[in-house]
Amino acid sequence: MTPRVHYNIIQQILSRKQLSQAMPGETAWSRVSVSPEPAAEHSTTFAVPAVSDALTLSSLSLEALRNASAHRTRRFELVRLSRPVPVLRRGQHFDVVIKFNEQRPFDLEKDSLRLVFSFGQNPNAVKGTQGVVSILNDSSECWPVHDGRWYGRLKNSDSNETELEIRPSADAPIGVWRLKVETGVKEESSAIPKVYEHKEQIYLLFNPWVKDDATFMEKQALLDEYVLQDVGKIWVGTYQSHWGRQWVFGQFDKAVLPAAMFVLERANLDPTIRGNPIAISRAISKLVNSNDDAGVLVGNWSGNYAAGTAPGAWTGSVKILEQYHSTKQPVQFGQCWVFAGVTTTICRALGLPSRVVTNLVSAHDSNASLTVDKYFDYNSRPLDTGDSIWNFHVWNEAWMARPDLPKGYGGWQAIDATPQETSDGVYQCGPASLQAIRQGSVGFKYDVQFLISSVNADVVYWKQDPTAEIGYRRMNASTAEVGRKILTKQANVFDATGQADMEDITWLYKAKEGSQLERSTMYNAARGSTNARRYLLQPGEAREDLVFTLNDLDKINVGDKFEINVTIKNEVDDARTLDVTLCASSVYYNGVEANLIKKAAGKFKIRPRGRDVLRLEVTPTEYLPKLVEYGMMKIFAVATVLETKQTWAAEDDFQIVKPKISVKVPEKVVAKQVSSLEFTLKNPLKTTLHNCKLQYEGPHVLTSNVTIDMDDIGPEEEITVKGDVTPVRKGKFGLVAVFSSDELHDVTGSASVENMQVEDGSRTGASTAAASGHACVFCLAAAVLERRPGCERPTTLHPLEGAGRSVHGGLNRCPLEMESGSQAMTTEVGLVFSTAETWNATFENNSTEEMNSFYFYQTEQVTVLWILFVLIVLGNSAVLAALLLDSKGRKSRMNFFIMHLAFAGK
């Protein structure tokens, strides 16, 4: 007979006849509601006698620790609390252990057992928000293909304990689920079942390791980075000068997953679409900013952050999400990279593969024209039009299938939580298929045209002219200025102090700049937009006698002078008269002008076929008082040829480079021991820095963000600040530091911290641990016993658990009790051993989360050890007897040595 694991939709609908509150005097096992829907205004609850022979459930364990290993969720701190919280991934089976009061095993032929998993306010099996699992077979049968339903089977049943395997559907909603168990007798199918309501929350996440999940990623090694990596880099700066700023995503922190669920609740998504990564990612892009729905972060680009935390002072997402969840109020303040960092944290916590992307020279197209239009008045003064060019802009990509689009548009999708322009009436952006962006397919959802402009808009310069048809005459255009380089962190590569982990992904967004394919893509996109046809396709001036070049600046060290240089070449045989304006301003990184630093204007003549260079020098005394955060500068030049009305304009952005924080880490950093750090910084300014603060953070190195208030720093003074770290486990981790003051912001530094084992147990391997005398012999003996996880008495101690913490993964505790916070544990017989983590952690695999676990037993341990002891004693006694009864009475040095060795063995 073909193996079957089966239930039908009718059973699931009927299962909604759930228990309601009991009337006074009735027990929990005999409660039932007559209505499958929420009680109406005049509904009545009746007490119905329960089935007398049905099994009575006494306890239920979702085996949070054991399931976490298989589901790659073991690093979640929620799983490793004293009362572990189940964190599971959909589409993958997990174990449930049930104990019954009756002294008999569960019988498939006689007993009925049904588990009802519910999500949302009004769970419905037909709509996918309820999973009803009837246990109809044993584990010898194969799992069926994924068909949108939940399945279960009997794994083991002995005495009064039953072990089940449950597999959620691969498209189940993401969030917190509830569980109810119903027991009955098959012969009495019309009777009311006994019901047990499990109070524990169950977190269900996306599962990109399962093919039937919409987030499935075929190259699964990449998931070590895009789901499991909790520290990364966000590239910031200008095209000429950019660097990777470390960011602590911290998605496994105990505060993050509840905060992520709170964010989804505020999105008010219909529960039926909570399993759709398209809807989830779009909701995240809306809720990470606070513009519409009191979301996570308040954006601020003004430079005034007195009411909150300066965006440059954040080092990671955990503190932001923790504050948001606890206060239920938006956190102040964020900018694009902070929005992107928090978005990555939420996506990875939910199991949605995500990465941070930086676009160097990013366009903000406010009128859907596929151009950034720069307007100047008669006197060459720039006019504000809403369009702008950001020195850099940061957004996210999330990986998912796109069944709503034609085939081939799945994979990486761009989402942007920074509030720039509204989409469907609110500030949200994406998901936009990268393939659609590259091909110019503006008709595909969502916000593809806006992203095309961001990475490939033409920059068009206009000057006021009453004779022109639209009142402005097009001067010149640049087709290669926007989207100069698009960067992300390379998967599974980390360079704490350099750029070796930078990956250029510009080619994913557009063809080679200036190529025929790149231009064709823009024209294809323009055909789908009225404004784009009006602006992008409008021809420029045909006659150009002079060629202008604005020489780009790379980077300037703070305190150095710089020059604006414009080279002009006359290509005709007549002299020309020029009206030229050169200007230098400090700007915020989003392109908005902060302060005008220096401006020069005038007329001059250039000789026939001549070449000239115009120069404007800017000194430190001119720019330092007007410098704003991040040290961004903009220079621009405008020139008009009076004889021909040829007009030219160009601009360039560069950065005044600030010093880095030097972070000194001891050569030897030992897990669970305090180590000292040194942070060294030199004030580059000739003015005193006030309200100085240093923050540093690192997952697995620190339990939380550390802030140090510092004294004022004098002009050009170098200071050193000391700090401490206590690494929680062995491994190599990143440490991020940020300095801020009233006069100088966003001074960063980082270091790599490599933690060793606890010193007394630093050697690896079971044999080495045993030889050193620090491995628990009970643990070693238990490891030899090949008894599978999930049997009656195991207790799991995972390598990631802190010293002094024993995590209960089974039903009975191990006799070994560890003192909280200590590095030793004592058995009931008074023997002292080092923590199991000392040698157990050597088996860690941070990439795959497939950790080895060791199971501790009571009777079996003592039995095995006593057998070994007796065998050794008997063997040595036999050797002694043979030597003493030697009939020939031969004496030799060898016999003497063997005899004394046998005595020592006893």
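Worth saying up front: this structure is predicted, and the values here are computed from it rather than measured. (Residues numbered from 1 in each chain as written. Predicted model: local features only at pLDDT ≥ 70, side-chain atom pairs only at ≥ 80, totals over all residues. Heavy atoms only, no water.)

Looking at the overall build of the protein chain
So, step 1. The number of helices and strands found in the protein chain is 18 helices and 46 strands.
So, step 2. Residues counted as buried form 54% of the 906 residues belonging to the protein chain.
So, step 3. Sequence-distant contacts in the protein chain: of pairs separated by 6 or more residues, those separated by 24 or more amount to 68%.
So, step 4. Carbon and sulfur atoms make up 51% of the accessible area of the protein chain, which amounts to about 38700 Å² in all. (Helix = DSSP H or I, 4+ residues; strand = E, 2+ residues; numbered from the N terminus. Buried < 20%, exposed > 50% of the residue type's maximum accessible area, 1.4 Å probe, protein only. Contact = heavy atoms within 4.5 Å. Areas by Shrake-Rupley, 256 points an atom, 1.4 Å probe, with all protein chains shown as cover.)

A closer look at unusual backbone geometry
So, step 1. The amide bond that connects Gln 332 to the next residue, Phe 333, takes the cis arrangement and shows omega of 10°.
So, step 2. Looking at where Phe 333 falls in the secondary structure, it is placed in strand E15 (residues 331–334).
So, step 3. For the bond running from Gly 430 to Pro 431, omega is 5°, close enough to zero to count as cis.
So, step 4. With respect to the helices, strands and loops of the structure, Pro 431 is situated in the loop between strand E20 (411–415) and strand E21 (432–433).

As for the side chain of Asp 213
So, step 1. Locating Asp 213 in the fold gives a position in the loop between strand E11 (194–205) and helix H3 (223–226).
So, step 2. In contact with Asp 213, other than residues within four places in its own chain, are Arg 90, Ala 170, Phe 206 and Asn 207.

Brief notes about the environment of Leu 350
So, step 1. Relative to the elements of secondary structure, Leu 350 occurs in the loop between helix H7 (336–349) and strand E16 (354–364).
So, step 2. On the basis of relative accessible area, Leu 350 is assigned to the buried category, the value being 0%.
So, step 3. Here Leu 350 is in contact with Ile 174, Leu 205, Phe 206, Ala 260, Met 261, Leu 264, Ile 280 and Ile 284, once residues within four sequence places are set aside.

As for the pattern of salt bridges
So, step 1. Tallied over the full model, the rule gives 33 salt bridges.
So, step 2. Members of the salt-bridge network, linked through shared partners, are Glu 63, Arg 66, Asp 95, Lys 155 and Glu 163. (Salt bridge = Lys/Arg side-chain N within 4 Å of Asp/Glu carboxyl O.)

Points about the sheet that holds strand E26 (residues 546–550)
So, step 1. Strand order in the open sheet formed by three strands is E26-E28-E31, with antiparallel pairing between adjacent strands. Each edge of the sheet is formed by a strand with only one pairing partner; in this case those strands are E26 and strand E31 (611–618). Ignoring strand direction, the axes of neighbouring strands in this sheet form an average angle of 15°.
So, step 2. The sheet contact formed by E26 and strand E28 (residues 562–570) spans five bridges and is antiparallel. Bridge pairing in E28 places Val 547 opposite Lys 569. (Pairing = 2+ DSSP bridges. Axes fitted to C-alpha atoms, helices over the stretch in contact; angles between N-to-C directions.)

A few points about the sheet that holds E20
So, step 1. Within the open sheet, the six strands sit side by side as E21-E20-E19-E16-E24-E25. Their pairing is antiparallel. The open sheet has two free edges, formed respectively by E21 and strand E25 (502–504), since each of these has just one partner strand.
So, step 2. Where strand E24 (residues 485–489) lies against E25, three bridges are found, and the strand directions are antiparallel. Following the sheet pairing, Lys 489 is matched in E25 by Met 502.
So, step 3. Against the sheet, helix H9 (residues 448–456) engages E16, strand E19 (388–400), E20, E21 and E24, with an angle of about 70° to E16.

Focus: the packing of helix H4 (residues 256–266) against H7
So, step 1. At a minimum axis separation of 10 Å, H4 and H7 run at an interaxial angle of 100°. With respect to their mutual orientation, H4 and H7 come out roughly perpendicular. In this structure, H4 contributes Val 256, Leu 257, Ala 260 and Val 263 to the contact, and H7 contributes Thr 345, Ile 346 and Ala 349.
So, step 2. Taken together, the residues of the contact of H4 with H7 sort by class into six nonpolar, one polar and no charged. (Parallel < 35°, antiparallel > 145°, perpendicular 65-115°, else oblique. Nonpolar A, V, L, I, M, F, W, Y, C, P; charged D, E, K, R; others polar.)

Here we look at helix H2 (residues 64–71)
So, step 1. The buried count for H2 comes to seven of eight residues, which makes it a mostly enclosed element.
So, step 2. Residues Ala 64, Leu 65, Arg 66, Asn 67, Ala 68, Ser 69 and His 71 constitute the buried set of H2.
So, step 3. A positive phi of about 55° marks Arg 72, the residue just after H2.

Re the nonpolar core
Side chains of a nonpolar character, in soluble globular proteins, are inclined to be buried together.
So, step 1. Core analysis: the largest hydrophobic core is formed by 100 residues, its most contacted members being Trp 337, Leu 350 and Tyr 509.
So, step 2. When residues of this core are assigned to their parent elements, the largest contribution, nine residues, is made by H7.
So, step 3. Counting 53 residues, the second largest nonpolar core, distinct from the first, contains Ala 584, Val 663, Leu 744 and Val 747. (Core = buried A, V, L, I, M, F, W, Y, C linked by side-chain atoms within 4.5 Å.)

Concerning helix H5 (residues 277–287)
So, step 1. Burial runs high along H5: eleven of the eleven residues are buried.
So, step 2. If you check the start of H5, you find a side-chain oxygen 2.9 Å away from the backbone N of Ile 278, and it comes from Asn 276. (Polar contact = N/O pair within 3.5 Å; in protein donor to acceptor, adjacent residues only side chain to side chain.)

Topic: the UniProt feature "transmembrane region" (unreviewed entry) in the protein chain
So, step 1. Per the UniProt annotation, the sites labelled "transmembrane region" (unreviewed entry) are residues 864–885.
So, step 2. Taken end to end, residues 864–885 is 95% helix and 0% strand, and its first and last C-alpha atoms sit 32 Å apart. (UniProt positions renumbered as here; feature names shortened; annotations may be inferred.)

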